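Spelled out from the first residue to the last, the chains are:
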Amino acid sequence: MTTVPQRTLNDGRTMPALGLGTYPLPDGVAEEAVADALGTGYRLIDTAANYGNETGVGRGVARSGVAREDIRVTTKLPGRHHGYEETLASFEESRARLGLEYVDLYLIHWPLPRQDRYVDSWRAMLKLRDDGLIRSVGVSNFTQEQIERLELETGVLPAVNQIELHPLLAQPELREFHTAKDIITQSWSPLGRGSSLLDDPGVTALAESHGVTPAQVILRWHVQLGAVPIPKSGDPQRRRSNLDVFGFTLTPDELALVSARPQRRLGGDPEHHEEF
Ligand SMILES: NC(=O)c1ccc[n+]([C@@H]2O[C@H](COP(=O)([O-])OP(=O)(O)OC[C@H]3O[C@@H](n4cnc5c(N)ncnc54)[C@H](OP(=O)(O)O)[C@@H]3O)[C@@H](O)[C@H]2O)c1
C-alpha cells in the first residue's frame, strides 16, 4: 500500500499530498472506486453536490474499513445555492447524502461573481466550521481578488483554492499568491483530462528515463510545484500507479521541460463561468 505524505493547512489540519477525483463517476461506480482507492492508500477523496455521486462516495468511505479520522472527504457548494441560508441548507443535504457526521473540506465550487453572493456563502461556511460540521473551509476557481475580498470582509482566508492546473495551464501568479497566504493549491484536471499531454514526446521521454508512466511524470510535476493533484481514474490499475509518485524526483530542468508549452484553459474562466 502506498503511503502518501501529508500537507499542513493554514488552519492546522492536515491533508494528503495527492487525492482521487470522482467526476463523472455515477454513484455505483464511485462507491466501488472509492472503496478500492482507500484500500490502496488514497486518503483524500474529491466530490461535489453537482457530481451527483455524494451518495456513492459516502458508501465507498463506509465500506472501505479505513478509520474515518484518517480520510479527508471534500465536497462543494453548487452555484444554485449561493447565499447564507441556502448554503446552510445545501451543506446539510450534502452531508446527508454522504452519510457523514462532518465534512473535512467544504469548497465554494465556483465564485459566480455576477451573482455576487459568495461572501454570504463564506459566512455560512464559517458558522458550519464553528459548529464542527466542516473541518476546513476553502474555495474553488477563485481569483486572487476574490480571495482578498473574503479576507477583507470576514478576516478568514480559505485553507485551499482548488483550481484548473496542469502543464497546459500552470498558473504561476495565482500559485505564488497562494504560497504567500499559506493557501494550499489543489489541481483539478491535473492530467489535462487525459489529453494529448500524456502522449507528448517530451513527457514520454522523461517517463522512460525514470521508469514511470507519463501520468506519473505529470503528477510528480504537481507535487514538486507544491500543488495537490486529484486525478480521476475509473481504472483500478491507473489509480494505483497515479498514487505511486513519491519514489522519484524530477530535476529543475525536467520540471521546466514539462512546463514549457503553450498555455490554454480546458475548463471555464472563473471571471465569467456560471455553473448552477
Ligand atoms: N473544482 C472544479 O471546478 C473541478 C473541475 C473539474 C474537475 N474537478 C475535480 O478534479 C478531478 C480530476 O479532474 P478531471 O477528471 O477533469 O481530469 P484528470 O484527472 O486530469 O483526467 C482524467 C482523465 O484521465 C484519464 N486517466 C487517469 N489516469 C490516467 C493514467 N494513469 N493514464 C492515462 N489516462 C489516465 C482518465 O481516464 P480513466 O478514468 O479511464 O482512467 C480520465 O479520462 C475531477 O474528477 C473532479 O473531482 C474539479
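Fair warning: this is a prediction, and the values are worked out from it, not measured in the lab.

(A) Looking closely at the site of the ligand. Around the ligand, 27 residues are found, and the nearest of them are D46, L191, K232, S233 and R238. Between an oxygen atom of the ligand and a main-chain N or O atom of R193, the distance comes to 3.0 Å. In the complex, 83% of the free accessible area of the ligand, which totals 900 Å², lies under the protein chains. A molecule is said to occupy a pocket when more than half its atoms come within 2 Å of that pocket's grid points, and by this definition the ligand occupies the largest pocket. Of the residues contributing to the shell around the ligand, the split by class is 10 nonpolar, 12 polar and 5 charged.

(B) Representation of the side chain of N53 in the model. Among the secondary structure elements, N53 is positioned in the loop between strand 4 (44-46) and helix 2 (54-64). N53 sits in the buried class, given a relative accessible area of 0%. Here T47 takes part through its side chain, which lies 2.6 Å from a polar atom of the side chain of N53. For N53, the contacting residues outside a window of four places in its chain are T22, L25, P26, D27, A30, T47 and A48.

(C) Representation of the layout of surface pockets. Taken as a whole, the largest pocket holds about 760 Å³ of empty space. In terms of lining, the largest pocket is formed by 33 residues, of which the most central are Y23, W188, S189, R193 and K232. The element contributing the most residues to the lining of the largest pocket is helix 9 (residues 236-243), with 3 residues. Among the residues making up the lining of the largest pocket, the classes are represented as 10 nonpolar, 17 polar and 6 charged. Here the second largest pocket is characterised by a volume of approximately 210 Å³. Along the wall of the second largest pocket there are 14 residues; nearest its centre are F142, T143, Q171, L174 and R265. Residue assignment for the lining of the second largest pocket shows that the elements contributing at least two residues are helix 5 (144-154), strand 8 (160-164) and helix 6 (172-181). Tallied by class, the residues present in the lining of the second largest pocket amount to 4 nonpolar, 4 polar and 6 charged.

Definitions and limits used
- Residues numbered from 1 in each chain as written.
- Predicted model: local features only at pLDDT ≥ 70, side-chain atom pairs only at ≥ 80, totals over all residues.
- Heavy atoms only, no water.
- Near = heavy atom within 4 Å.
- Polar contact = N/O pair within 3.5 Å; in protein donor to acceptor, adjacent residues only side chain to side chain.
- Areas by Shrake-Rupley, 256 points an atom, 1.4 Å probe, with all protein chains shown as cover.
- 1 Å grid on protein atoms, 1.4 Å probe; cavity = no way out; pocket = protein on both sides within 12 Å on 5 of 7 lines; lining within 4 Å.
- Sits in = over half its atoms within 2 Å of the grid points.
- Nonpolar A, V, L, I, M, F, W, Y, C, P; charged D, E, K, R; others polar.
- Helix = DSSP H or I, 4+ residues; strand = E, 2+ residues; numbered from the N terminus.
- Buried < 20%, exposed > 50% of the residue type's maximum accessible area, 1.4 Å probe, protein only.
- Contact = heavy atoms within 4.5 Å.
- Points joined across faces, edges and corners; volume = space filled by probe spheres on them.

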